[in-house]
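Each chain, letter by letter, is given below.
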Amino acid sequence: QLFIKDLHFDGVPVRIYLPREPPAGKRRGVILFHGGCGIFGSIRSYERICRHIAKKSDSVVVSVGYHLSPEYKYPAQTLECLTATVHFLQTADTYGVDPARIIVCGDSVGGTYTASVCQELVHRTDLPKIRAQLLIYPFLQALNFNLPSHQQNAFAALLSRERAVNFILKYLNKDCSLKEQILAGSHVPESMNLKYRKWINPDLIPEVFKLGYKPPPPTSFSPRVHEEVPELFECRCSPLLAEDAVVCHLPDTCIVTCGHDVLRDEGLLYKKRLEDNKVRVTWHHVEKGFH
């Protein structure tokens, strides 16, 4: 049912899935960034889901095989996702795709790349606009690891609270001994906490998701830890920190969150930010789902 080709888009490996059935008109395009914390996962590991999407939605799917950390240092992954997206937007006609009907999607860190790519393309007037973005339990901020979902799912299978921070440090090629201080929030100066409290704050989480939540004890700021991890405060790593001037121009968005996921609240916070900026959002919550 599908033609499947391995190609390179401006040097970035991709696998493209084209339905064999002759189309009635130009097809939709789907660009997919796989999850795996930027340190594992591959085109091959997402083969079945890409085939499924291409067949079920009669779309041309592009799976992006960005190179992994630590061999390719951050932000190589985000930049490769951006390069592949720009290339596909520019060459959509070649694949029988309507350039005005291309969506970008990803799960976990793939959701981070999706959010980042859409933010970076906001002011590009030389390209067709992304039609929509789909974020599946995305990682969106590295300032606060004490939100209700972090506490409730601290020991969840596959992605515990500690493991999440460990993966981030490995992805950024940092010393993993910084984990405890980052979990406590010692990497964030008070001025930054105050600045971003309007966007990253347990008070913005609906009450139904705050069962058993306890505000963490105050921690002392460590300038040394802060200076070790400047990447955590970049929008490419923490898309929730983007300014409203960017967020208000983002495309229609679908966000999927899961009940048993440390990252649940990041999806909820981004949903609120987008809605506050008049971006149309569809939200699916899988109550018994996990990361």
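For every chain, the first residue of its written sequence is number 1, and the numbers climb from 1 along that sequence. Local features in a predicted model are, by the rule used here, given only for residues with pLDDT of at least 70; side-chain atom pairs are given and counted only at 80 or more, and totals for whole chains, interfaces and linings are based on all residues. As a convention, hydrogens and water are excluded, and side-chain values are obtained from all of the structure's heavy atoms.

Side note on the domain arrangement of the chain
Turning to step 1, where the next piece is worked out: Those domain boundaries reflect an automatic or database domain assignment. Along its sequence, the chain is carved into domain 1 (2–136) and domain 2 (148–233).
Turning to step 2, where the next piece is worked out: Computed from C-alpha coordinates alone, the two centres of domain 1 and domain 2 are separated by 29 Å.
Turning to step 3, where the next piece is worked out: Should any heavy atoms of two residues lie within 4.5 Å, those residues are considered in contact. At the interface, 11 residues of domain 1 touch six residues of domain 2.
Turning to step 4, where the next piece is worked out: Note on terms: buried area is the combined drop in 1.4 Å-probe accessible area of two parts once they are placed together, counting the loss on both. Here domain 1 and domain 2 share an interface that buries about 720 Å² over both sides, 67% of which is from carbon and sulfur atoms.
Turning to step 5, where the next piece is worked out: Per-residue buried area on domain 1 facing domain 2 is highest for Cys-37, Ile-39 and Tyr-74; these three make up 59% of the total on that side.
Turning to step 6, where the next piece is worked out: What qualifies as a polar contact is a pair of N or O atoms within 3.5 Å, subject to a donor-acceptor requirement within protein and to the restriction that residues adjacent in sequence count only when both atoms come from side chains. Remark: the boundary between domain 1 and domain 2 carries two residue pairs in polar contact (both at pLDDT 80 or more).
Turning to step 7, where the next piece is worked out: Each residue is assigned to one of three groups, with Ala, Val, Leu, Ile, Met, Phe, Trp, Tyr, Cys and Pro labelled nonpolar, Asp, Glu, Lys and Arg labelled charged, and all others, Gly among them, labelled polar. In the side of domain 1 that touches domain 2, the residues fall into six nonpolar, four polar and one charged.

Points about the pattern of salt bridges
Turning to step 1, where the next piece is worked out: Salt bridges are defined by distance alone: a side-chain nitrogen of Lys or Arg within 4 Å of a carboxyl oxygen of Asp or Glu. Applying the stated rule across the entire model yields 17 salt bridges.
Turning to step 2, where the next piece is worked out: We note a salt bridge from Arg-197 to Glu-190, for which the minimum N-O separation is 3.6 Å.
Turning to step 3, where the next piece is worked out: A relative accessible area of 39% places Arg-197 in the partly exposed class.
Turning to step 4, where the next piece is worked out: For Glu-207, the salt bridge identified is with Lys-210, shortest N-O distance 3.3 Å.
Turning to step 5, where the next piece is worked out: Here the salt bridges share partners, and the residues they tie into one network are Asp-6, Arg-15, Glu-47 and Arg-51. Categorising residues by exposure relies on relative accessible area from a 1.4 Å probe, with only protein chains included: less than 20% of the type maximum marks a residue as buried, more than 50% marks it as exposed, and the intermediate range marks it as partly exposed.

Some remarks on the packing of helix α2 (residues 76–91) against helix α3 (residues 109–121)
Turning to step 1, where the next piece is worked out: Angles here are taken between N-to-C directions and fall from 0 to 180 degrees, while the axes themselves are lines fitted to C-alpha atoms, restricted in helices to the stretch in contact. Under the scheme used here, helices are H or I runs from DSSP no shorter than 4 residues and strands are E runs no shorter than 2 residues, and both carry numbers assigned from the N terminus. Across the interface, α2 lies against α3 with an axial gap of 9 Å and an inter-helix angle of 60°. What the angle tells us is that α2 and α3 run oblique. As α2 runs across α3, the sense of the crossing is right-handed. Seen from α2, the contacting residues are Gln-77, Thr-78, Cys-81, Leu-82, Thr-85, Val-86 and Leu-89; seen from α3, they are Tyr-113, Ser-116, Val-117, Glu-120 and Leu-121. Note on angle classes: values under 35 degrees are labelled roughly parallel, values over 145 roughly antiparallel, values of 65 to 115 roughly perpendicular, and the remainder oblique. Note on convention: the crossing is left-handed when the near helix lies turned anticlockwise from the far helix by less than a right angle, right-handed when the turn is clockwise.

Brief notes about the layout of surface pockets
Think of a ball as big as a water molecule: rolled over the atoms, this probe shows where empty space is left.
Turning to step 1, where the next piece is worked out: A cavity here means a set of 1 Å grid points, computed over protein atoms only, where a 1.4 Å probe fits but cannot escape. A pocket is an open set with protein on both sides within 12 Å along at least 5 of 7 lines, and lining residues have an atom within 4 Å of a point. Grid points are joined across faces, edges and corners, and a volume is the space filled by probe spheres set on the points. Its boundaries defined by the atoms lining it, the largest pocket holds a volume of some 550 Å³.
Turning to step 2, where the next piece is worked out: If you trace the largest pocket, you find 26 residues lining it, with Asn-144, Glu-190, Asn-193, Arg-197 and Pro-216 closest to the centre.
Turning to step 3, where the next piece is worked out: Among the secondary structure elements, those contributing two or more residues to the lining of the largest pocket are α6 (179–184) and α7 (190–196).
Turning to step 4, where the next piece is worked out: If you tally residues by element for the lining of the largest pocket, the top one is α7, at four residues.

A closer look at the environment of Gln-141
Turning to step 1, where the next piece is worked out: Here Gln-141 lies in the loop between β6 (132–136) and α4 (148–152).
Turning to step 2, where the next piece is worked out: By relative accessible area, Gln-141 is classed as buried at 0%.
Turning to step 3, where the next piece is worked out: Gln-141 sits 59 residues away from Ile-200 along the chain, and the two C-alpha atoms are 8.4 Å apart.
Turning to step 4, where the next piece is worked out: When residues no more than four places from it in sequence are discounted, the contact partners of Gln-141 are Leu-147, His-150, Ile-200, Ser-238, Leu-240 and Glu-266.

Observations concerning α3
Turning to step 1, where the next piece is worked out: Over its 13 residues, α3 extends 18 Å from the first C-alpha to the last, a length consistent with the 18 Å expected when each residue adds 1.5 Å.
Turning to step 2, where the next piece is worked out: Most of α3 sits inside the fold, with 12 of its 13 residues counted as buried.
Turning to step 3, where the next piece is worked out: Residues of α3 that are buried include every one of Val-109, Gly-110, Gly-111, Thr-112, Tyr-113, Thr-114, Ala-115, Ser-116, Val-117, Cys-118, Gln-119 and Leu-121, and no others. To estimate how far a helix should extend, the number of its residues minus one is multiplied by 1.5 Å.

Considerations on the sheet that holds β6
Turning to step 1, where the next piece is worked out: Two strands pair under a simple rule: DSSP has to find at least two bridges between them. In spatial order, the strands read β1-β2-β4-β3-β5-β6-β7-β8; together these eight strands make up an open sheet with mixed pairing. Each end of this open sheet is capped by a strand with a single partner; those strands are β1 (2–9) and β8 (281–290). Strand-to-strand twist across the sheet, computed as the mean angle between neighbouring axes with direction ignored, equals 20°.
Turning to step 2, where the next piece is worked out: Bridge count for strand β7 (residues 252–260) against β8 is seven bridges, and the pairing is parallel. Among the inter-strand pairings, Thr-253 is bridged to a residue of β8, identified as Val-281.
Turning to step 3, where the next piece is worked out: Each of β6, β7 and β8 is contacted by helix α10 (residues 264–276), which is oriented at about 150° to β7, the strand it contacts most.

Examining the UniProt feature "domain: Alpha/beta hydrolase fold-3" (unreviewed entry) in the chain
Turning to step 1, where the next piece is worked out: UniProt positions are given in the numbering used here, feature names are shortened, and annotations may be inferred rather than shown by experiment. Per the UniProt annotation, the sites labelled "domain: Alpha/beta hydrolase fold-3" (unreviewed entry) are residues 30–173 and 235–291.
Turning to step 2, where the next piece is worked out: Annotated as 39% helix and 18% strand, the span residues 30–173 places its first and last C-alpha atoms 31 Å apart.

What about empty space enclosed by the protein?
Turning to step 1, where the next piece is worked out: A complete count under the given rule lists one cavity of 30 Å³ or more for this structure.
Turning to step 2, where the next piece is worked out: Taken as a whole, the largest cavity encloses approximately 170 Å³ of empty space.
Turning to step 3, where the next piece is worked out: If you list the elements that add at least two residues to the lining of the largest cavity, you get α3 and α5 (161–171).
Turning to step 4, where the next piece is worked out: When residues of the lining of the largest cavity are sorted by domain, at least three fall in each of domain 1 (2–136) and domain 2 (148–233).

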